[in-house]
Structure formats: structure tokens, C-alpha cells
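# Understanding the architecture of this molecule
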Amino acid sequence: MADDQALPVFTGAELALADTLILLMKVMAMHGVIEQDSIDAVFMDLVERYRGQKLFTAAAMAEYLRHHTTDADEDLSMTRLRTLLDKTPEGNA
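Just so it is clear, the structure is predicted and the values come from calculations on it, not from any experiment.

### Remarks on the overall build of the protein
- When you go through the protein residue by residue, the secondary structure sums to four helices and zero strands.
- Counting all 93 residues of the protein, 20% fall into the buried class.
- A separation threshold of at least 6 residues defines the contact pool for the protein, and within that pool the share at least 24 residues apart is 67%.
- Counting only carbon and sulfur atoms, one obtains 58% of the accessible surface of the protein, whose full area is about 7000 Å².

See the structure below:
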């Protein structure tokens, strides 16, 4: 890593806020409100824009959000399946 790209260090509050955003976005994706590909495209655009402006900490946070929001396509599918299986059937049994 170059001297002008020091390793970013995030506070616990920053990570908690980022993780909250990740959770919200995953729930929205699970319910079909937003698409995983769109999330990835937006965060990749932010990463490139921040790097171009030499905002390396912001780029690292955007990459963190992109990675943790879009890396779990299989987990998201399993969560959807689990939600469907856990629902109690309606009607008389």
C-alpha cells in the first residue's frame, strides 16, 4: 500500500452504523425491494469515485459495505427458503 493510502481504521460506531445499513439492505433485497446487482454497481461506483478523489477511508468503507452486502447471495437464498419453511400454513389442520 502506498504512503498516501494508509490502512483505514474504523471506530466501533462507524462499523455498527455500516452493519446496520448492511442489514437493512439485505432485508430490502430479501423482500425484492432492491436487487443485489444494483447494490454491487452502486458501491463499486462509490469505491472508484472515492479512490479517484483520494478519499481512501471512504473508499474502504464503500468496499466494506459492498462486500458484506453482496457476498452472501447463497445466505440470502437460504434465508428466504428458511422464512418460507418457517411460516405456519394457513387454514385448519
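Picking up after the structure, the text goes on.
### Considering helix α2 (residues 36-52)
- Along its 17 residues, α2 runs 24 Å from first to last C-alpha, staying within 8% of the 24 Å computed at 1.5 Å per residue.
- Listing the buried residues of α2 in full gives Q36, I39, F43, L46 and V47. Buried positions in α2, seen along its axis, are confined to an arc of 100 degrees and lie on one side of it. The exposed set on the far side of α2, more than 90 degrees from its buried face, consists of D37, E48 and G52.
- Residue K54 follows α2 closely and has a positive phi angle near 60 degrees.

### Things to note about the pattern of salt bridges
- Scanning the entire structure with this criterion turns up three salt bridges.
- Between D45 and R49 there is a salt bridge, with the nearest N and O atoms lying 2.6 Å from each other. Of this pair, D45 and R49 are both found in helix α2, four residues apart, which corresponds to roughly one turn of the helix.
- When its relative accessible area of 38% is taken as the criterion, D45 is described as partly exposed.

### Points about the side chain of T69
- Along the chain, T69 turns up in helix α3 (residues 56-70).
- Its relative accessible area of 1% is what places T69 among the buried residues.
- At a separation of 2.6 Å, a polar atom in the side chain of T69 contacts the main-chain carbonyl oxygen of L65.
- With residues near it in sequence (within four places) discarded, T69 still touches I22, M25, K26, Q36, I39 and F43.

### Describing the packing of α2 against α3
- For the pair α2 and α3, interaxial distance at closest approach is 8 Å and the crossing angle is 165 degrees. It follows that α2 is roughly antiparallel to α3 by the angle criterion. Helix-helix and strand crossings are classified by hand; for α2 and α3 the assignment is left-handed. Mapping the contact onto sequence places Q36, I39, D40, F43, M44, L46, V47, Y50 and R51 in α2 and F56, A58, A59, A62, E63, L65, R66, T69 and T70 in α3.
- Taken together, the residues of the contact of α2 with α3 break down into 11 nonpolar, three polar and four charged.

What counts and what doesn't
Numbering of residues starts from 1 in every chain and runs along the sequence as written. In keeping with the predicted nature of the model, local features appear solely for residues at pLDDT of at least 70, side-chain atom pairs appear and are counted solely at 80 or more, and the whole-chain, interface and lining totals rest on all residues. Processing note: side-chain calculations cover all non-hydrogen atoms of the structure and skip hydrogens and water entirely. Strands are runs of DSSP state E lasting at least 2 residues, helices are runs of H or I lasting at least 4, and numbering of each runs from the N terminus. Using a 1.4 Å probe on the protein chains alone, a residue whose accessible area is under 20% of its type maximum counts as buried, one over 50% counts as exposed, and one in between counts as partly exposed. Here, residues are in contact when the closest pair of their heavy atoms is within 4.5 Å. Using a 1.4 Å probe, the Shrake-Rupley method yields the accessible areas, and only the shown protein chains count as cover for residues. Multiplying 1.5 Å by the helix residue count minus one yields the expected span of that helix. Arc definition: directions from the helix axis to the C-beta atoms. For salt bridges, the criterion is a side-chain nitrogen of Lys or Arg within 4 Å of an Asp or Glu carboxyl oxygen. Side-chain atoms alone can form a polar contact between residues adjacent in sequence; in general such a contact is a pair of N or O atoms within 3.5 Å, and within protein one must be able to donate a hydrogen while the other accepts it. Fitting a line to C-alpha atoms yields each axis, with helices limited to the stretch in contact; the angle taken between N-to-C directions then spans 0 to 180 degrees. To sort the angles, those under 35 degrees are grouped as roughly parallel, those over 145 as roughly antiparallel, those from 65 to 115 as roughly perpendicular, and the leftovers as oblique. In this scheme the crossing of two helices becomes right-handed for a clockwise turn of the near helix relative to the far one and left-handed for an anticlockwise turn of less than a right angle. Amino acid classes used here: Ala, Val, Leu, Ile, Met, Phe, Trp, Tyr, Cys and Pro are nonpolar; Asp, Glu, Lys and Arg are charged; the rest, including Gly, are polar.

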